[in-house]
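So the chains spell out like this:
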Amino acid sequence: MYRLATVEEFLSFRRQIVEEPEPDRPCLVVCAGTGGQASGANDILRIIKRYSLEHNLHEQVSLRVTGCQGFCEQDPFILVEPGKHLYPRLSMDDVPRIIESALKGQVVEELLYRESEYHECQHCQDDIPFFKKQTRTILGKNEQIDPIRIFDYTRRGGYHALGKVLLNINPEWIVEEVKQSGLRGRGGAGFPTGVKWESAQAAGNGSGQKYIVCNADEGDPGAYMDRSLLEGNPHAVLEGMLIAAIAISATKGFIYVRSEYPLAIKHALIAIRQARELGLMGKNILNTGLDFDIEIVRGAGAFVCGEETALIRSIEGHMGEPRQRPPYPVQKGLWGRPTCINNVETLSNIPVIISKGADEYAKVGVPGNSGTKIFSLVGKIKNTGLVEVPMGTTIREIIYDIGGGSIGKVPIKAVQTGGPSGGCIPAEKFDLSIDYDSLAEAGSIMGSGGMIVMDEESCMVDIAKYYMNFLRDESCGKCYTCRKGTQRMYEILEDISEGRGTLEQLDLLEELAHVVADTTMCGLGQTASNPVLSTLRYFREEYIEHIVDGRCRAGVCKDLVGAPCQSTCPIGTEAWRYVAHIARGEYEDAYKAIREANPFPSICARVCDHKCEERCRLGQTGTRPVAIRALKRFITDKIDPSIYQPTKALEKKTDKVAVIGAGPAGLTASHYLSLLGYQVTIFEADSKPGGMMFSCIPAYRLPREVLTKEIDAILDENVTLKCNHELGKDVTIEKLFADGFKAVFVAVGAQKGRRLRLEGEESEGVFPSIEFLKAYNINGEQLAKGRVGVVGGGNSAVDAARTALRQKDVQSVTLLYRRTREEMPAFSEEIDAAGEEAIKFETLVMPIRILTDKGRLTGIECIRNKLGEIDYSGRRKPVPIPNSEFILPLDTLVVAISEQPDVDSISPSGEPELKIEDDGTLYADKYHLSCSRPGVFAGGDVVTGPNTVVDAIAAGKKAAVMIDRYIRGEELRQPERAKVPQNYVEPLEISEEELSQLRRAEPPHIPIEQRTSSFVEVEMALPEDDAKCEAMRCLRCDLEFTQPKEKELTEQENETASTVEHST
Amino acid sequence: MTTDEIPAIVERHLDDQGGLISILEEVQAKFGYLPADALTIVAETTKRPLVDIYGVATFYRAFSLTPRGEHLVSVCVGTACHVRGAPRVAAEFERQLDVKPGETTPDRKFTLETVNCLGACALGPVVVVDGHYFSHVNASKVREIIEKTREGLDKIEIKTDRRIFPVEVSCSRCNHSLMDPEHPIDGFPSVKITQSFGQQHGWLRLSSLYGSYNIEEEYKTPYDTVLHLFCPHCHTELIGGSDCPECGAQMVPLILRGGGTVQICPRRGCKGHILDVG
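This structure is a prediction, so every number in the text was calculated from the model and none was measured.

K.L.:
For this particular structure, what's the right way to read unusual backbone geometry?
P.N.:
If a residue is not glycine, its phi is most likely negative; likewise, a peptide bond is most likely trans. Residues and elements named next belong to chain A. Of the consecutive residues D75 and P76, the connecting peptide bond is found in the cis state with omega at -10°. When you line up the elements, P76 lands in the loop between β2 (62–66) and β3 (78–81). Between R325 and P326 the backbone carries a cis peptide bond, its omega angle lying at -10°. By the element assignment, P326 lies in the loop between α14 (308–315) and β8 (339–343). For Y159, which is not glycine, the phi dihedral falls at a positive 60°. Secondary-structure assignment places Y159 in the loop between α7 (150–155) and α8 (160–167).

Spelled out as structure tokens, the structure:
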């Protein structure tokens, strides 16, 4: 490389490069940063090169290998310029097609980026939601530059700022400009960079050795923007350091970089070498009399070295222990000389400020927080990656608009910012503007920009414990309170997460947290309490649940969770236990395990929403979960229920309890109250018991004889069922108490269909789904005729659609939903089954007008939607597309857009006031189900809104316990122990090879022809062999808790051995 | 390697102001860990108290006082990987290798460690084995990773791997083809150039497979030396390339048939190269 001798030569060299015309041909851009390479970018590059050589494309297509561009979730990808067509997650096979179409100026549509399979493909990167809301001033350069080519950097505006500074060397002007820009340190603390430079400039009486240090010790787990900048655009960092050196008259610089970042080190070394060779670094730079050179120091792995005084000790070759400040490093730093330490991202901003001018720079962001900030958006988020936004953007915009919300259907709970020094911000606060000051106010910090998204499956106690474990490990040990305090806090958190915690410990934890924050010397200790304090502030309830209820709702804390299937089940079914028995062929034992927890095993075997499968650990290891519900079905079909007899109280009690509603909640409560000896009377409004199980769930999912059999088994000598007794009409709560009932359990469900609120909804042919389903299920009335439309996307809508299809005068059934099929809340297997049965799906449509003729429905006018921004539920909001209205002729319309409790019946005038929530549900305490009037308890859909059968059973079980406690005058909420597996079921010997061959067994269905014309049950039980194989797939999470310890085993073996000896 | 070489390492870093960490890094690179004797010798030669050396050696995570295994398995337990299930991955490695993090298997094959963040958060949970990244790891992938490592992660099938392909090159001065069909390497015509090292001149044949580093040479040249390479036709020295991204030596540019250039590093043993196709 030619060594430039003067500033003039440098300027003309720059001009030449910048003015050189770019070749007019497509360019393939491949991200080959650490993330890209780890995902296979190098393979993609090889194939591009090979194809280009073999087809002689040298003159027709260009290739640019860049550092990390930020959209790491989509690696490896190719971006084709000039159209900016983004082809994500490529395989080597895709490459030739992309090159060929690029040559023709075309695109390969099926390979282009799309948000999901239900979305249109995006032609230009700028239209992709992830990029749309970003302002990529700093990060955007990575896309344009091959980091190992200094000319690339120069061509894209690089070293322009240096030229400007060198042309008229004026350190005061530089400092003033940086001050004016309002740039604050991007490393975390947000100290104004210009002010730091000013002090550094003045330090040492303006003369003598001074140092610039670039802090690239990005130790905050979860943050990687500094790595990406150093890796993808190292010259920008060098240029920033050069300008800083000129500003404060430093002659030597260091880049302190983590050794975990080999590619960043490599690229920084190349850049330094190139800058030296060009004459931009070294002695007498471009004949200006300025000396400056940079050395790379590799951090040897200590988080505390990110703290500036510790970093100094480390560069000096000592243990990285911080020291007291002041004196600040700008006065006394490396080897006692003034040292200005800036973060990578801060330094990368400097060339922009100098080039554009401070005022222009300060236009971005909000007052006091100017410019942009890069965040690494990671954890439970759809679009993981690096995002750059103006300061002052809200967390919501980053997480939902850019990040695309949660990965699956689990809602986002919180975001952790600032790493181990930061805190957790709950989802309710996502409208918070991101700037140094707002985050501090909310109990967190900006930190270096890590944003770890957590969903309902992340436990906040576990997160606090995680950070405390990190901090106690990384505490250098110099300050007693940090060394011991982090250790003690960790131990307390460990106690809590393992079920030994007490409420007193919680107070101690809080006190300790404050002490550590107040009495330690460096930033590590002073902020070490933030993860604890912020989670206590926003998620105290979770801590209390761990301590009092022995429960980790996220399913993370192993000792409280035990087997996830069991702990997730609302009624605590030991799924692992019956699965283990099935594998061993012990079917009766399996049945007992099911029945012990559940009075409705055959019903749940058919209609349960199987939360156990969602949390099954097998499903989280890259394969599909155990088909637990299908196994339950196998057992309940096979075993005669009479083998299990529940234990009854020996003595009959005289106390009477009233249960209103004979749905799953009411029946379950009655059953367990009866077992305790209480006299229970059930009042049911309909003519038959079963509630929604009877009136709404169609017989093809739940045959009537199965339902009746299990309900009949509940109605024993202690239980009296009175049908056709409606609350508010035939019975009132006040009257029940007057009649001597000690307690009342209200479980009337949610029986009122929500309305579309369109004119004509009262017309003939329009039905709320609940009315439509009840008419058929209870009275056999077939209300559907001709062309049927069903509005809604929940289970009720799918049930209505499939029921309508089976009615005799029906021609066609169309399901109308306002979002996409992906967002439908109905069970996916039900949606699939509906599809198989030729039910038409019209998704992304919304009814706007009901068309009638002489009071009879003739059709519905709809408007098409597109998906807009993400709303509070974490789903994309449907937005109507103007002028997309269309008419669908209909003879029947079923409205299935959710139900709500009929609160008028609960609190008609004259009744004692029961508190009703704003959403129209009945208030009942979360922990003990008591309503606002003593003696009244409530559970099931009336409290939760439309919900599942198993949740209603759970409420019924809980109600029985609470009513018993209430009548006996006991405290309602009592500490509970974690329900972890206890019964040891010996595992079968299965080799890993055998296991790896097993695939999830799916229950067979009856043929489609039979389905559409009858109400015969669709799903059949698994054949025995399939069931056994399926059961063998279980990972047996229980064994960790139940398996006899090695010592016990040896003892057992010894016993056996001695028995053998005796017998011989 | 014996401890005799340690004074030389210390010597090299005496001028560095903060040399101790670099010295220990280099010693560890040679031994794979920091043996007790080595620390004593470093203390003697640097004239610093042994406690200082020990302090630094135990303060930083990068140093190990116990021997490491042939393969280093690093399981990232950074926050992003943690929330995506890294603890279960780490537990599975512990179970299968039957060692705790920080320990080495008795056969010295594997050392297991957990690291706080590798900065590849989007790919979490991440595991790095000897510099090879494995992304979106879950417990059921652990066995495969261990098996692949045992088989050799760098192993490539030259014949079947389509990332390996032949190139044809010519002299960047006289444009004469450098291909030698008479002496194939890896089953393809080799690239023949002249090398000179000290007083010796002789031919050097390189595999023309992009991705293969097989060579044959007339005279054995020592590892790590930068060779002078010449065109066997016009005898011009092949120079003028950019710096090697791996070692910094000036690379040798060759013209590619099909367009573009390939630059190779003339340092014996260095795998640095740049293939520019447009």
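K.L.:
Looking at this structure, how should I read the environment of I239 of chain B?
P.N.:
Residue and element names in this part refer to chain B. Mapped onto the elements, I239 comes out in the loop between β12 (228–230) and β13 (252–256). Using a count of 15 C-beta atoms within 10 Å as the deciding quantity, one classes I239 as partly exposed. Sequence separation between I239 and R173 is 66 residues, and the spatial gap between their C-alpha atoms is 9.7 Å. Not counting residues within four places of it along the chain, the set of residues in contact with I239 comprises Q250 and V252.

K.L.:
Can you walk me through helix α37 (residues 828–836) of chain A in this structure?
P.N.:
Each full turn of the α-helix corresponds to 3.6 residues, which orients residues three or four apart in the same direction. Residues and elements named next belong to chain A. The set of residues buried in α37 consists of E830, I831, A833 and A834. Taken end-on, α37 shows its buried residues confined to a sector of 160°, consistent with a single buried face. Turned more than 90 degrees off the buried face of α37, the exposed positions are S828 and D832. On the buried face of α37, the contacting elements are α36 (795–805) and β23 (810–817). Where α37 terminates, the next one or two residues include A838, which has phi positive at roughly 65°.

K.L.:
I'm lost on the sheet that holds strand β17 (residues 679–683) of chain A in this one. Help?
P.N.:
Each strand in a sheet pairs with its neighbour through backbone hydrogen bonds, running either in the same direction (parallel) or in the opposite one (antiparallel). All names here are of chain A. Within the open sheet, the 5 strands sit side by side as β18-β17-β16-β19-β31. Their pairing is parallel. Every other strand in the sheet has two partners, leaving β18 (719–722) and β31 (936–938) as the edge strands with one partner each. Adjacent strand axes in the sheet meet at a mean angle of 20°, parallel and antiparallel pairs treated alike. As judged from the 5 bridges shared by strand β16 (residues 656–660) and strand β19 (residues 741–746), these two strands associate in the parallel manner. Bridge pairing in β19 places K656 opposite F741.

K.L.:
How do you make sense of the nonpolar core when you look at a structure like this?
P.N.:
Buried together is how nonpolar side chains tend to be arranged in soluble globular proteins. Counting residues in each nonpolar core, the largest one holds 252 residues, and the members touching the most others are V30, I78, M241, I243, A244 and Y256 of chain A together with V126 of chain B. The greatest single-element share of this core, amounting to 11 residues, is contributed by helix α12 (residues 234–248) of chain A. Those residues in contact with M241 of chain A that lie beyond four places of it in its chain are I212, C214, G253, I294 and L347 of chain A. Core analysis: the second largest hydrophobic core is formed by 141 residues, A580, V746, A954 and A1027 of chain A among them.

K.L.:
How should helix α4 (residues 95–103) of chain A be read in this particular structure?
P.N.:
All names here are of chain A. Of all the positions in α4, only V95, I98, I99 and A102 are classed as buried. Buried residues in α4, looked at end-on, bunch into an arc of 100°, giving them a common side. Taken together, the buried residues of α4 touch β1 (27–31), α3 (41–54), β3 and β4 (85–87). Remark: G105 follows α4 within two positions and exhibits a positive phi of approximately 70°.

K.L.:
Got a minute to help me understand the interface of chain A and chain B in this structure?
P.N.:
By a frequent convention, interface size equals the accessible area lost on bringing the separate parts together. Counting residues at the interface gives 63 residues for chain A and 48 residues for chain B. At the level of secondary structure, the elements contributing two or more residues to the side of chain A that touches chain B comprise α2 (34–39), α3, β2, α13 (262–278), β11 (372–379), β15 (450–455) and α19 (460–474) of chain A. Among the elements that line the side of chain A that touches chain B, the one with the most residues is α3 of chain A, at 8 residues. A class-by-class count of the residues in the side of chain A that touches chain B yields 25 nonpolar, 24 polar and 14 charged.

K.L.:
Got a minute to help me understand the domain arrangement of chain B in this structure?
P.N.:
The domains assigned to chain B are domain 1 (3–59), domain 2 (71–151) and domain 3 (166–276). Placing a centre on the C-alpha atoms of domain 1 of chain B and another on those of domain 3 of chain B gives a separation of 38 Å.

Criteria and cut-off values
- Residues numbered from 1 in each chain as written.
- Chains lettered and ligands numbered in written order.
- Predicted model: local features only at pLDDT ≥ 70, side-chain atom pairs only at ≥ 80, totals over all residues.
- Helix = DSSP H or I, 4+ residues; strand = E, 2+ residues; numbered from the N terminus.
- Buried ≥ 20, exposed ≤ 12 C-beta atoms within 10 Å, placed from the backbone.
- Contact = placed C-beta atoms within 7 Å.
- Arc of directions from axis to C-beta.
- Pairing = 2+ DSSP bridges.
- Axes fitted to C-alpha atoms, helices over the stretch in contact; angles between N-to-C directions.
- Core = buried A, V, L, I, M, F, W, Y, C linked by C-beta atoms within 7 Å.
- Nonpolar A, V, L, I, M, F, W, Y, C, P; charged D, E, K, R; others polar.
- Domains from an automatic or database assignment.

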